[in-house]
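Listed below, chain by chain, are the residues.
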Amino acid sequence: MMSAELQNQEINVSDLLLYINCPRRVYFASRGFELFPEINTSRLERMILKELSLTYPEIVKGCSLNADNLHKELEISLTRICTDLPLLFPRELSEVTRETFEEGKARARAKIPEIAANLLRALEEYGKEPILAALTPIKTEPFLSSERLNLKGVPSKLVYFEGAQVPSILKPGSCPEQGVWASDRIHAAAFVLLLEAENGKEVPFAFVEYVSFGLLRRVVVRSSDRREVLKICREVEKIKAGFMPEIKEEKFCKECNFLEQCTPSPSLMSKFL
(Lines give C-alpha, C1' and ligand atoms only; values in the text may rest on other atoms or scores of the structure.)
Protein backbone atom coordinates (compact mmCIF):
# COMPACT_ATOMS: atom_id res chain seq x y z
CA MET A 1 0.00 0.00 0.00
CA MET A 2 1.51 3.35 -1.06
CA SER A 3 1.63 5.98 1.68
CA ALA A 4 -0.15 9.35 1.36
CA GLU A 5 3.27 11.01 1.35
CA LEU A 6 4.29 9.11 -1.76
CA GLN A 7 0.96 9.64 -3.50
CA ASN A 8 1.24 13.41 -3.05
CA GLN A 9 4.58 13.73 -4.80
CA GLU A 10 4.18 15.83 -7.97
CA ILE A 11 5.65 14.16 -11.04
CA ASN A 12 6.58 16.09 -14.16
CA VAL A 13 7.30 14.52 -17.53
CA SER A 14 10.75 16.12 -17.30
CA ASP A 15 11.36 13.99 -14.19
CA LEU A 16 10.88 10.86 -16.29
CA LEU A 17 13.57 12.02 -18.70
CA LEU A 18 15.95 12.72 -15.82
CA TYR A 19 15.26 9.24 -14.47
CA ILE A 20 16.06 7.61 -17.81
CA ASN A 21 19.33 9.53 -17.93
CA CYS A 22 20.17 8.75 -14.29
CA PRO A 23 17.77 8.17 -11.35
CA ARG A 24 20.02 10.20 -9.05
CA ARG A 25 19.46 13.29 -11.18
CA VAL A 26 15.81 13.18 -10.08
CA TYR A 27 16.92 13.16 -6.45
CA PHE A 28 19.19 16.19 -6.72
CA ALA A 29 16.96 18.22 -9.04
CA SER A 30 13.98 17.69 -6.72
CA ARG A 31 16.04 19.09 -3.85
CA GLY A 32 16.81 22.38 -5.50
CA PHE A 33 20.18 21.78 -7.13
CA GLU A 34 20.61 23.56 -10.48
CA LEU A 35 20.14 21.25 -13.43
CA PHE A 36 21.65 23.73 -15.90
CA PRO A 37 23.98 26.09 -14.04
CA GLU A 38 24.92 28.10 -17.14
CA ILE A 39 24.14 28.60 -20.81
CA ASN A 40 26.96 27.32 -23.01
CA THR A 41 27.23 27.44 -26.80
CA SER A 42 25.75 23.97 -27.22
CA ARG A 43 22.65 24.78 -25.19
CA LEU A 44 22.29 28.13 -26.94
CA GLU A 45 22.46 26.43 -30.33
CA ARG A 46 19.68 24.08 -29.25
CA MET A 47 17.51 26.94 -28.02
CA ILE A 48 17.88 28.73 -31.37
CA LEU A 49 17.08 25.60 -33.38
CA LYS A 50 13.97 24.85 -31.32
CA GLU A 51 12.69 28.37 -31.95
CA LEU A 52 13.58 28.04 -35.63
CA SER A 53 11.52 24.85 -35.92
CA LEU A 54 8.42 26.74 -34.76
CA THR A 55 8.73 28.88 -37.90
CA TYR A 56 8.78 25.90 -40.29
CA PRO A 57 5.00 26.05 -40.98
CA GLU A 58 5.13 29.74 -41.86
CA ILE A 59 8.13 29.18 -44.12
CA VAL A 60 6.68 26.11 -45.86
CA LYS A 61 3.36 27.85 -46.41
CA GLY A 62 4.82 31.08 -47.66
CA CYS A 63 7.67 30.25 -50.03
CA SER A 64 8.03 28.40 -53.30
CA LEU A 65 9.44 25.03 -52.45
CA ASN A 66 12.98 24.67 -53.70
CA ALA A 67 16.27 24.30 -51.85
CA ASP A 68 17.46 27.87 -52.46
CA ASN A 69 14.23 29.48 -51.25
CA LEU A 70 13.98 27.26 -48.18
CA HIS A 71 17.59 27.98 -47.27
CA LYS A 72 17.07 31.74 -47.69
CA GLU A 73 13.87 31.82 -45.60
CA LEU A 74 15.45 29.75 -42.84
CA GLU A 75 18.39 32.17 -42.72
CA ILE A 76 16.04 35.16 -42.43
CA SER A 77 14.05 33.44 -39.71
CA LEU A 78 17.17 32.47 -37.74
CA THR A 79 18.41 36.08 -37.79
CA ARG A 80 15.05 37.30 -36.45
CA ILE A 81 15.04 34.60 -33.75
CA CYS A 82 18.50 35.60 -32.54
CA THR A 83 17.25 39.19 -32.18
CA ASP A 84 14.19 38.03 -30.21
CA LEU A 85 15.84 35.36 -28.07
CA PRO A 86 16.98 37.65 -25.21
CA LEU A 87 13.38 38.91 -24.97
CA LEU A 88 12.04 35.35 -24.82
CA PHE A 89 14.54 34.10 -22.24
CA PRO A 90 15.76 37.17 -20.32
CA ARG A 91 16.72 35.32 -17.12
CA GLU A 92 18.49 32.43 -18.85
CA LEU A 93 20.48 34.68 -21.18
CA SER A 94 21.27 37.50 -18.75
CA GLU A 95 24.84 36.28 -18.14
CA VAL A 96 25.62 35.05 -21.66
CA THR A 97 28.55 36.85 -23.29
CA ARG A 98 28.36 38.21 -26.82
CA GLU A 99 31.09 35.75 -27.86
CA THR A 100 29.10 32.77 -26.57
CA PHE A 101 25.93 34.03 -28.23
CA GLU A 102 27.63 34.53 -31.60
CA GLU A 103 29.22 31.08 -31.47
CA GLY A 104 25.87 29.46 -30.64
CA LYS A 105 24.27 31.40 -33.50
CA ALA A 106 26.99 30.27 -35.93
CA ARG A 107 26.57 26.64 -34.88
CA ALA A 108 22.82 26.84 -35.42
CA ARG A 109 23.26 28.51 -38.82
CA ALA A 110 25.59 25.70 -39.92
CA LYS A 111 22.64 23.26 -39.61
CA ILE A 112 20.45 25.15 -42.08
CA PRO A 113 21.56 23.38 -45.30
CA GLU A 114 20.73 19.95 -43.85
CA ILE A 115 17.45 21.19 -42.38
CA ALA A 116 16.42 22.68 -45.75
CA ALA A 117 17.34 19.49 -47.62
CA ASN A 118 15.38 17.23 -45.24
CA LEU A 119 12.32 19.48 -45.22
CA LEU A 120 12.32 19.58 -49.00
CA ARG A 121 12.68 15.78 -49.19
CA ALA A 122 9.71 15.32 -46.86
CA LEU A 123 7.59 17.76 -48.85
CA GLU A 124 8.38 15.95 -52.08
CA GLU A 125 7.64 12.54 -50.55
CA TYR A 126 4.48 13.28 -48.54
CA GLY A 127 3.11 16.50 -50.03
CA LYS A 128 2.72 20.01 -48.69
CA GLU A 129 -0.64 19.65 -46.89
CA PRO A 130 0.25 16.59 -44.74
CA ILE A 131 3.60 18.11 -43.75
CA LEU A 132 1.95 21.42 -42.87
CA ALA A 133 -0.63 19.58 -40.75
CA ALA A 134 2.10 17.67 -38.92
CA LEU A 135 4.15 20.82 -38.28
CA THR A 136 1.46 23.43 -37.53
CA PRO A 137 0.47 23.74 -33.87
CA ILE A 138 -3.15 24.13 -32.83
CA LYS A 139 -1.72 24.79 -29.35
CA THR A 140 1.85 25.66 -28.39
CA GLU A 141 3.20 24.46 -25.04
CA PRO A 142 -0.19 23.52 -23.53
CA PHE A 143 -0.25 22.46 -19.87
CA LEU A 144 -1.51 18.87 -19.46
CA SER A 145 -2.15 17.09 -16.17
CA SER A 146 -3.80 14.00 -14.74
CA GLU A 147 -4.64 13.34 -11.10
CA ARG A 148 -5.04 9.65 -11.85
CA LEU A 149 -1.54 9.42 -13.29
CA ASN A 150 -0.16 11.95 -10.79
CA LEU A 151 1.61 13.42 -13.79
CA LYS A 152 1.84 16.80 -15.49
CA GLY A 153 3.81 18.27 -18.34
CA VAL A 154 4.00 20.65 -21.27
CA PRO A 155 4.51 19.17 -24.76
CA SER A 156 6.13 21.42 -27.35
CA LYS A 157 2.87 21.59 -29.25
CA LEU A 158 -0.34 19.81 -30.21
CA VAL A 159 -1.11 19.30 -33.88
CA TYR A 160 -4.25 18.11 -35.66
CA PHE A 161 -3.36 15.22 -37.94
CA GLU A 162 -5.56 12.58 -39.59
CA GLY A 163 -8.59 13.63 -37.57
CA ALA A 164 -6.94 13.58 -34.15
CA GLN A 165 -5.14 15.92 -31.77
CA VAL A 166 -1.67 14.50 -31.17
CA PRO A 167 1.34 15.71 -29.16
CA SER A 168 4.54 16.75 -30.88
CA ILE A 169 7.85 17.16 -29.06
CA LEU A 170 10.84 19.11 -30.32
CA LYS A 171 14.19 17.40 -29.74
CA PRO A 172 17.31 19.43 -30.53
CA GLY A 173 19.83 16.61 -30.04
CA SER A 174 21.07 13.85 -32.32
CA CYS A 175 18.75 11.80 -34.50
CA PRO A 176 18.74 8.03 -35.12
CA GLU A 177 18.83 6.77 -38.70
CA GLN A 178 15.37 5.25 -38.30
CA GLY A 179 12.58 5.81 -35.80
CA VAL A 180 13.25 7.59 -32.51
CA TRP A 181 15.52 7.12 -29.52
CA ALA A 182 14.13 4.93 -26.73
CA SER A 183 14.02 7.89 -24.33
CA ASP A 184 12.11 9.95 -26.91
CA ARG A 185 9.59 7.12 -27.26
CA ILE A 186 8.95 7.26 -23.49
CA HIS A 187 8.75 11.06 -23.68
CA ALA A 188 6.11 10.80 -26.41
CA ALA A 189 4.21 8.05 -24.57
CA ALA A 190 3.95 10.20 -21.43
CA PHE A 191 2.30 13.01 -23.38
CA VAL A 192 -0.01 10.57 -25.17
CA LEU A 193 -1.22 9.33 -21.76
CA LEU A 194 -1.69 12.90 -20.52
CA LEU A 195 -3.58 14.00 -23.64
CA GLU A 196 -5.84 10.94 -23.41
CA ALA A 197 -6.57 11.80 -19.77
CA GLU A 198 -7.29 15.41 -20.75
CA ASN A 199 -9.58 14.68 -23.73
CA GLY A 200 -10.99 11.27 -22.82
CA LYS A 201 -10.09 9.97 -26.29
CA GLU A 202 -7.48 7.54 -27.50
CA VAL A 203 -4.42 9.23 -29.00
CA PRO A 204 -3.12 6.94 -31.75
CA PHE A 205 0.41 8.31 -32.10
CA ALA A 206 2.73 11.24 -31.47
CA PHE A 207 5.38 13.13 -33.41
CA VAL A 208 9.01 13.63 -32.50
CA GLU A 209 10.66 16.47 -34.40
CA TYR A 210 14.46 16.42 -34.55
CA VAL A 211 14.93 20.12 -35.05
CA SER A 212 18.69 20.08 -35.72
CA PHE A 213 17.99 18.06 -38.86
CA GLY A 214 14.52 19.12 -40.00
CA LEU A 215 13.27 15.55 -39.55
CA LEU A 216 9.82 14.58 -38.32
CA ARG A 217 9.22 11.06 -37.00
CA ARG A 218 5.84 9.50 -36.23
CA VAL A 219 5.68 7.31 -33.10
CA VAL A 220 2.96 4.71 -32.58
CA VAL A 221 2.85 4.28 -28.80
CA ARG A 222 2.76 0.64 -27.72
CA SER A 223 1.41 -0.96 -24.54
CA SER A 224 5.00 -1.60 -23.49
CA ASP A 225 5.73 2.14 -23.76
CA ARG A 226 2.72 2.97 -21.59
CA ARG A 227 3.78 0.35 -19.07
CA GLU A 228 7.27 1.83 -18.89
CA VAL A 229 5.90 5.33 -18.27
CA LEU A 230 3.81 4.07 -15.33
CA LYS A 231 6.74 2.11 -13.93
CA ILE A 232 9.07 5.13 -14.08
CA CYS A 233 6.41 7.38 -12.50
CA ARG A 234 6.27 5.08 -9.47
CA GLU A 235 10.05 5.01 -9.17
CA VAL A 236 10.23 8.81 -9.40
CA GLU A 237 7.60 9.12 -6.66
CA LYS A 238 9.79 7.06 -4.33
CA ILE A 239 12.89 9.12 -5.13
CA LYS A 240 11.08 12.42 -4.53
CA ALA A 241 9.83 11.06 -1.21
CA GLY A 242 13.43 10.54 -0.10
CA PHE A 243 14.76 7.31 -1.59
CA MET A 244 18.34 7.70 -2.83
CA PRO A 245 19.06 5.41 -5.82
CA GLU A 246 22.35 3.54 -5.94
CA ILE A 247 25.28 5.06 -7.81
CA LYS A 248 25.77 3.65 -11.29
CA GLU A 249 29.01 4.56 -12.99
CA GLU A 250 28.20 5.81 -16.47
CA LYS A 251 30.38 7.31 -19.20
CA PHE A 252 28.65 10.69 -18.80
CA CYS A 253 29.15 10.90 -15.02
CA LYS A 254 32.17 13.22 -15.30
CA GLU A 255 30.10 15.71 -17.31
CA CYS A 256 27.15 15.67 -14.86
CA ASN A 257 26.28 18.91 -13.07
CA PHE A 258 25.54 16.89 -9.92
CA LEU A 259 28.90 15.11 -9.76
CA GLU A 260 30.05 16.97 -6.65
CA GLN A 261 26.81 16.22 -4.77
CA CYS A 262 26.60 12.64 -6.02
CA THR A 263 30.00 11.45 -4.75
CA PRO A 264 30.87 13.52 -1.66
CA SER A 265 32.29 12.35 1.64
CA PRO A 266 29.87 10.44 3.92
CA SER A 267 29.64 13.39 6.32
CA LEU A 268 28.62 15.75 3.51
CA MET A 269 26.15 13.25 2.03
CA SER A 270 24.37 13.05 5.40
CA LYS A 271 23.24 16.66 4.90
CA PHE A 272 21.17 15.68 1.84
CA LEU A 273 19.47 12.63 3.38
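Everything that follows concerns the structure shown earlier in this document.
Visitor: For this particular structure, what's the right way to read the sheet that holds strand β3 (residues 144-146)?
Guide: Sheet strands pair by backbone hydrogen bonding; their relative direction is either parallel or antiparallel. One open sheet accounts for three strands, arranged β1-β4-β3; its pairing is mixed. Only two strands of the sheet have a single partner each, and these edge strands are β1 (11-12) and β3. Bridging between β3 and strand β4 (residues 151-153) involves three bridges; their strand directions are antiparallel. Opposite S146, over in β4, you have L151 as the bridge partner.

Visitor: Just to check I follow, could you spell out the packing of aromatic side chains for this structure?
Guide: For any pair of aromatic rings, the description rests on two quantities: the centre-to-centre distance and the angle between the ring planes. Inspection of every chain in the model, using the stated rule, returns four aromatic pairs. With 5.5 Å between their ring centres and 85° between their planes, Y27 and F28 make a pair best called edge-to-face. The two residues Y27 and F28 agree in class, both being buried. Residues F161 and F205 carry aromatic rings whose centres are separated by 6.1 Å and whose planes lie at 85° to one another, so their mutual orientation is edge-to-face. Note that F161 is positioned in strand β5 (residues 157-161) and F205 in the loop between α11 (182-199) and β7 (206-210), a separation of 44 residues in sequence. The residues F161 and F205 share a single accessibility class, namely buried. The side chain of R31 reaches across the aromatic face of Y27, ending 3.9 Å from its centre. Over the ring of F205 we find R218; its NZ or CZ atom is 3.9 Å from the centre of that ring.

Visitor: Explanation requested: the sheet that holds strand β8 (residues 215-219) in the structure shown.
Guide: Taken in spatial order, the five strands line up as β2-β5-β6-β7-β8 in an open sheet, and their pairing is mixed. Bordering the open sheet on either side are β2 (137-140) and β8, each of which pairs with just one other strand. Direction aside, the axes of adjacent strands within the sheet are offset by 30° on average. Pairing between strand β6 (residues 164-171) and β7: four bridges, direction parallel. Residue pairing across strands places K171 opposite Y210, the latter belonging to β7.

The rules behind the values
- Within each chain, residue numbers correspond to sequence positions counted from 1 in written order.
- The predicted nature of this model means local features are confined to residues of pLDDT at least 70 and side-chain atom pairs, given and counted, to a pLDDT of 80 or more, with totals for whole chains, interfaces and linings taken over all residues.
- Side-chain figures throughout are based on the complete set of non-hydrogen atoms in the structure, without hydrogens or water.
- Only strands joined by at least two bridges in the DSSP assignment are considered to pair.
- Each helix is a run of H or I in the DSSP string that is no shorter than four residues. Each strand is a run of E no shorter than two, and both are numbered from the N terminus.
- Put simply, two rings from Phe, Tyr or Trp (the six-membered ring, in Trp's case) pair if the centres are within 6.5 Å, and we call them stacked under 30 degrees between planes, edge-to-face over 60, tilted for the rest.
- Working definition: with a 1.4 Å probe on protein chains only, accessible area under 20% of the residue-type maximum means buried, over 50% means exposed, and in between means partly exposed.
- When the NZ atom of lysine or the CZ atom of arginine is within 6 Å of a ring's centre and also within 35 degrees of its normal, the charge is said to sit over that ring.
- Axis angles are defined between N-to-C directions and span 0 to 180 degrees, where every axis is a line fitted to C-alpha atoms and, for a helix, only to the segment in contact.

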